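Working through the structure, step by step
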Amino acid sequence: MGHFQLRTRNVCRQAQDYLCGLMQSAKRNMERMAEVVSGSDEQVLQHFLSNSPWDERAVMDQVATETDALLGGSEETALYIDESAIKKQGKHSVGVARQWNGRLGKVDNSQVGVFAALGRGHRVNLVDARLYLPKEWTADVKRCKAAKVPVAQQAFKTKIELALEMVRRARALGLRYAWIGVDGFYGQAPELLRTLDTEGEVFMADIHSDQNVYLSDPAPYRPTAKSGRGRKPSHYQSKQKPLIVAQWVKQQPASRWQRKTLRDTSKGRLVVDMLHQRVWLWDKKEAQGHCWHVVVRREVGSPTTIKYSLSNAAPATSILKLAKMQAQRYWIERAFQDAKSHAGLAHYQARNWHAWHRHMALVMMAMLYMVEHREQLSKEFPMLSCYDIQVMLANTLPNAQEDEQIILSQMRRRHRKRLAALQSALRKQNRQRRKVADVT
């Protein structure tokens, strides 16, 4: 029992050191974090993240529960699902592959995580994270084993499946939100929207401009066989013709657009033109269509900047309410920006499965601290930002580099490591040259 308590205390101390390193270190790798946190050690930090016995899922759940206590239970509270890609070199870091990186705007060597965030108004915090494993990973058992991917997680899962896992986890934890917000990648997945609708979730899902909609019930039917022979038709058909949502928008008269004020921003009030109608969605597979809202937003002064969304909110929901729901998803993008800039979400040395999820859990914990203090101090400091809090922490936490001798010692240590790496590279080159010479 005493050993267990000691081990638990050690893990807590290492977690504290890691969090302090995230706040104080500019580069946020293990070596630099250990240099600024008094009494810390980079190998201990690496062991803590990769191999020590603690449950990252329990930490994420605790962050989610505490975030709900702070932000949940309001008509403005939403659960957002989105992904974030992090550029990585090499091929050994778990889940790394050439895949779409939205931050870079291109396909590149990256890891991709699917995240959930709970938000109320402009307050938002990440509450869940799942690393996406491409098929080239799940098809390679040896590679997964080397990256310590649990056997239960080695089966391929789409990002849509990961999103549903997080929604169901949030529901199981009792998180109190009024709707779920997703971007166009998830909004274009009919299986996701159908499942959310079937499971009683309200959603506001961005869609692409080429989304098909029906202006009346498609009334799907199976045609009767033309003769008594052969198989009966199995595919549904409709006498209604779909319309691309962007084409429908172009057909609408100017009088149908309604100007709405959504919120105050740093650049003034956010005023937009809105278009709304109840439409039918049908994927040509189901026996019936779904009657949902289509919500279209046009930027004032920029008529070609248009955003399209679908929602299964109650039929009587006002266009202003729908417009505000649509605009709320912006805040998860801000949460990613803050987490990357001020809590090191994209800066880590985590090659295996547990290390990646543990880093994300600790980042969520750090961001919760910031959200709590911004909420608590909102009357006294209404403009308080995550940057402000990080700067205050970085300048008030004990810093090992305040001693000149320690700085010199750390510099010499870095130089010894660089020299050792250079000598190792030179030895490797010499061995390769000798092999070539022996062959020739």
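Placed above this text is the structure.
So, a few notes on the structure that sits alongside this text. What you see is a predicted model; the values in this text were computed from it and never measured.

To continue, consider the overall build of the protein chain. Along its length, the protein chain carries 15 helices and 12 strands. The principal-axis extent of the C-alpha atoms belonging to the protein chain is close to 80 × 70 × 50 Å. By the burial criterion, 47% of the 440 residues in the protein chain qualify as buried. Across the protein chain, the fraction of contacts at a sequence separation of at least 24, relative to all contacts at a separation of at least 6, is 65%.

Should their charged atoms come close, side chains of opposite charge can pair. Across all of its chains, the model carries 28 salt bridges by this definition. Linking D108 and R98 is a salt bridge whose minimum nitrogen-to-oxygen distance equals 3.9 Å. With D108 in strand β3 (residues 106-120) and R98 in strand β2 (residues 97-101), the pair connects residues that are 10 residues apart, well separated along the chain. Residue classification places D108 among the buried positions, given a relative accessible area of 10%.

Attention now moves to the side chain of D206. Following the sequence through the fold, D206 ends up in strand β6 (residues 203-207). On the basis of relative accessible area, D206 is assigned to the buried category, the value being 8%. Only 2.9 Å separates the side chain of D206 from the side chain of S309, close enough to count as a polar contact. Those residues in contact with D206 that lie beyond four places of it in its chain are V182, D183, G184, G187, Q188, K307, Y308, S309, Q326 and R329.

To continue, consider the layout of surface pockets. Space inside the largest pocket adds up to approximately 1,200 Å³. Every residue lining the largest pocket is counted, 42 residues in all, and those nearest its centre are H122, R263, D264, Y330 and W331. Among the secondary structure elements, those contributing two or more residues to the lining of the largest pocket are β4 (123-131), β9 (258-265), β10 (268-281), α11 (319-328), α12 (330-342), α13 (353-376) and α14 (386-396). The element best represented in the lining of the largest pocket is α12, accounting for seven residues. Considering only residue class, the lining of the largest pocket consists of 18 nonpolar, 10 polar and 14 charged. Every residue lining the second largest pocket is counted, 21 residues in all, and those nearest its centre are Q188, P190, Q211, N212 and L281. Within the residue set of the lining of the second largest pocket, elements represented by two or more residues are α9 (190-198) and β11 (290-299). The element best represented in the lining of the second largest pocket is α9, accounting for three residues. Tallied by class, residues from the lining of the second largest pocket come to 10 nonpolar, six polar and five charged.

Basis of the calculations
Numbers given to residues run from 1 along each chain, matching the order in which its sequence is written. Predicted model: local features are reported for residues with pLDDT of at least 70 only, side-chain atom pairs are reported and counted for 80 or more only, and whole-chain, interface and lining totals are derived from all residues. The side-chain numbers reported here are obtained from all heavy atoms of the structure, hydrogens and water having been left aside. Helix numbers and strand numbers start at the N terminus; a helix is a DSSP run of H or I with at least 4 residues, a strand a run of E with at least 2. Exposed residues in this analysis have more than 50% of their type's maximum accessible area, buried residues have under 20%, and partly exposed residues fall in between, with area computed by a 1.4 Å probe over protein chains only. Between two residues, a contact is recorded if the distance between any of their heavy atoms is within 4.5 Å. For this document, the term salt bridge refers to a Lys or Arg side-chain nitrogen within 4 Å of an Asp or Glu carboxyl oxygen. For the purposes of these results, a polar contact is taken to be a pair of N or O atoms within 3.5 Å, where, inside protein, one atom must be able to donate a hydrogen and its partner to accept one; residues adjacent in sequence count only when each atom of the pair is a side-chain atom. The rule is simple: put a 1 Å grid over the protein atoms alone, call a set of points where a 1.4 Å probe fits but cannot get out a cavity, call an open set with protein on both sides within 12 Å along at least five of seven lines a pocket, and count a residue as lining if it has an atom within 4 Å of a point. Grid points are joined across faces, edges and corners, and a volume is the space filled by probe spheres set on the points. Polar here means any residue other than Ala, Val, Leu, Ile, Met, Phe, Trp, Tyr, Cys and Pro, which are nonpolar, and Asp, Glu, Lys and Arg, which are charged; Gly is therefore polar.

Taken by themselves, the reported measurements are silent on function.
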